[in-house]
Amino acid sequence: MLEAGTIRVWLKRDSGQYWPSIYHTMASPCSAMAYHHDSRRIFVGQDNGAVMEFHVSEDFNKMNFIKTYPAHQNRVSAIIFSLTAEWVISTGHDKCVSWMCTRSGNMLGRHFFTSWASCLQYDFDTQYAFVGDYSGQITLLKLEQNTCSVITTLKGHEGSIACLWWDPIQRLLFSGASDNSIIMWDIGGRKGRTLLLQGHHDRVQSLCYLQLTRQLVSCSSDGGIAVWNMDVSREEAPQWLESDSCQKCEQPFFWNIKQMWDTKTLGLRQHHCRKCGQAVCGKCSSKRSSYPVMGFEFQVRVCDSCYDSIKDEDRTSLATFHEGKHNISHMSMDVARGLMVTCGTDRVVKIWDMTPVVGCSLATGFSPH
């Protein structure tokens, strides 16, 4: 799929090379796609807001157009197809999520947000939809035949939500955002537990949780690929505490006019220790440390007492990092075969071997457009 407006099917030949089998030219640039393997149905979202459905032949040498869904008034950002409900669910830059009947092609319902809806996940059993938007908020909706209800909203990111991944077995939601961070939301636990993962240096573009190995794979727009070990006991990052003075040395912060006047001292800038969450001054938090058990894979600010409490073994990384060597815009996993596909802004598709023995290595790559 390409913004220029073509959708293509590539087949792997006996030589190991990929060659184009068929392609279809679209009337508008393509912006999102969903493929249902069992029924061989492809749903393609476009810049003009339409979603087009195709059916691919059994030998993958023919693609038939089925119908067009007038889903949105602007660019389609994500699509999910539910065979059981016969719904195609999509989000768009017209600030809404829509769900349409694939039998009739009719619109069933819409729900509007205050910001562009950027990504989508769906629980097929409960008909819950998770929608991330550009404000950094995630909305949990219960979809019905012709209506929906808002269950809750999740707020934790400081940037727009770029990707979501829902694990229906453990009932965990993972979100990646433009603030370079990942948050794990424990939806099934009902305790509001969240885990923060920070190891990327650019926008987190794609996520996939591997249930069998308890690993989370994430890709960022600078080409970084991270494999996080989630089969360990992790700690929640603390809420940042607020104070008018340093909670270590008690020196006033610069807005605490009264204490500055009383003590005849100059106010200090407020910082926060990432391990304990206390409000501290620069002098009391002069050190940096990684703390992987809390998700901090690179060095972050910690107060002096927390720095002294962190042992060398506490700094052992709980993730492995790899270089994709192209600016990744999308990633997809074939869990059964242990393969990962990344697409880059360089218009190159790379296929990675993600088997446990190999870890993450480039199997092949080709330029489809």
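All figures in this text were calculated on a predicted structure; none of them were measured in a lab.

1. Section: the pattern of salt bridges
Pairing of side chains with opposite charge becomes possible as their charged atoms draw close.
At step 1: Across all of its chains, the model carries six salt bridges by this definition.
At step 2: The partner of Glu86 in a salt bridge is Arg41, with the nearest N and O atoms 3.5 Å apart. Here Arg41 lies in strand S4 (residues 41-46) and Glu86 lies in the loop between strand S7 (76-82) and strand S8 (87-92), a separation of 45 residues in the sequence.
At step 3: For Glu86, a relative accessible area of 13% puts it in the buried group.

2. Let's talk about the side chain of Ser90
At step 1: Considering the arrangement of structural elements, one finds Ser90 in strand S8.
At step 2: A distance of 2.7 Å separates a polar atom in the side chain of Ser90 from a polar atom in the side chain of His72.
At step 3: Setting aside chain neighbours within four positions, we find Ser90 in contact with Val51, Ala71, His72, Val76, Ala78, Ile79, Cys96, Val97, Ser98 and Leu120.

3. Regarding the domain arrangement of the protein
Where interface size is given, it is often the accessible area lost as the parts come together that is meant.
At step 1: Split by domain assignment, the protein resolves into domain 1 (6-238 + 320-358) and domain 2 (257-315).
At step 2: Once you take the C-alpha centre of each, domain 1 and domain 2 turn out to be 37 Å apart.
At step 3: Taken together, the two surfaces of domain 1 and domain 2 that pack against each other cover about 990 Å², and 57% of this comes from carbon and sulfur.
At step 4: Counting across the interface, domain 1 meets domain 2 through zero salt bridges.
At step 5: On inspection of domain 1 and its partner domain 2, the count reaches five residue pairs in polar contact (both at pLDDT 80 or more).
At step 6: No other element matches the three residues that strand S18 (residues 194-198) contributes to the side of domain 1 that touches domain 2.
At step 7: Considering only residue class, the side of domain 1 that touches domain 2 consists of six nonpolar, five polar and three charged.

4. Regarding the nonpolar core
At step 1: Counting residues in each nonpolar core, the largest one holds 17 residues, and the members touching the most others are Ile89 and Leu143.
At step 2: Non-local contacts of Leu143, meaning those with residues more than four positions away in its chain, are made with Trp87, Ile89, Trp99, Tyr122, Gln127, Ala129 and Cys148.

5. Notes on the UniProt feature "domain: FYVE-type" (unreviewed entry) in the protein
At step 1: UniProt's entry tags residues 240-311 with the feature "domain: FYVE-type" (unreviewed entry), counted in the numbering of this structure.
At step 2: Annotation note: span residues 240-311, helix share 18%, strand share 22%, distance between end C-alpha atoms 23 Å.

6. A closer look at the sheet that holds strand S13 (residues 137-143)
At step 1: In space, the four strands of this open sheet follow the order S11-S12-S13-S14, with antiparallel pairing throughout. The outermost strands of the open sheet, each flanked by one partner alone, are strand S11 (117-123) and strand S14 (148-155). Looking at each pair of strands side by side, their axes are set apart by 20 degrees on average, direction ignored.
At step 2: Here S13 pairs with S14 via seven bridges, running antiparallel.

7. Considerations on the packing of aromatic side chains
At step 1: Applying the stated criterion to the full structure yields eight aromatic pairs.
At step 2: Here Trp116 and Tyr134 contribute two aromatic rings whose centre-to-centre distance is 5.1 Å and whose plane-to-plane angle is 80 degrees, an arrangement assigned as edge-to-face. Taken together, the positions of Trp116 in the loop between strand S10 (107-112) and S11 and Tyr134 in the loop between strand S12 (128-133) and S13 put the pair 18 residues apart, joining distant regions of the chain.
At step 3: Given the relative accessible area of 37%, Trp116 is considered partly exposed.
At step 4: Both rings, one in Tyr122 and one in Phe124, keep their centres 5.1 Å apart while their planes meet at 85 degrees; by these two values the pair is edge-to-face.
At step 5: By relative accessible area, which is 4% here, Tyr122 ends up buried.
At step 6: In this structure an aromatic cluster arises from ring pairing among Phe43, Tyr69 and Phe81.
At step 7: The ring centre of Tyr307 lies 5.2 Å from the NZ or CZ of Arg315, which sits over that ring.

Cut-off values and rules
- Residues numbered from 1 in each chain as written.
- Predicted model: local features only at pLDDT ≥ 70, side-chain atom pairs only at ≥ 80, totals over all residues.
- Heavy atoms only, no water.
- Salt bridge = Lys/Arg side-chain N within 4 Å of Asp/Glu carboxyl O.
- Helix = DSSP H or I, 4+ residues; strand = E, 2+ residues; numbered from the N terminus.
- Buried < 20%, exposed > 50% of the residue type's maximum accessible area, 1.4 Å probe, protein only.
- Polar contact = N/O pair within 3.5 Å; in protein donor to acceptor, adjacent residues only side chain to side chain.
- Contact = heavy atoms within 4.5 Å.
- Domains from an automatic or database assignment.
- Buried area = accessible area lost by both parts, 1.4 Å probe.
- Nonpolar A, V, L, I, M, F, W, Y, C, P; charged D, E, K, R; others polar.
- Core = buried A, V, L, I, M, F, W, Y, C linked by side-chain atoms within 4.5 Å.
- UniProt positions renumbered as here; feature names shortened; annotations may be inferred.
- Pairing = 2+ DSSP bridges.
- Axes fitted to C-alpha atoms, helices over the stretch in contact; angles between N-to-C directions.
- Phe/Tyr/Trp six-rings, centres within 6.5 Å; stacked < 30°, edge-to-face > 60°.
- Lys NZ or Arg CZ within 6 Å of the ring centre and 35° of its normal.

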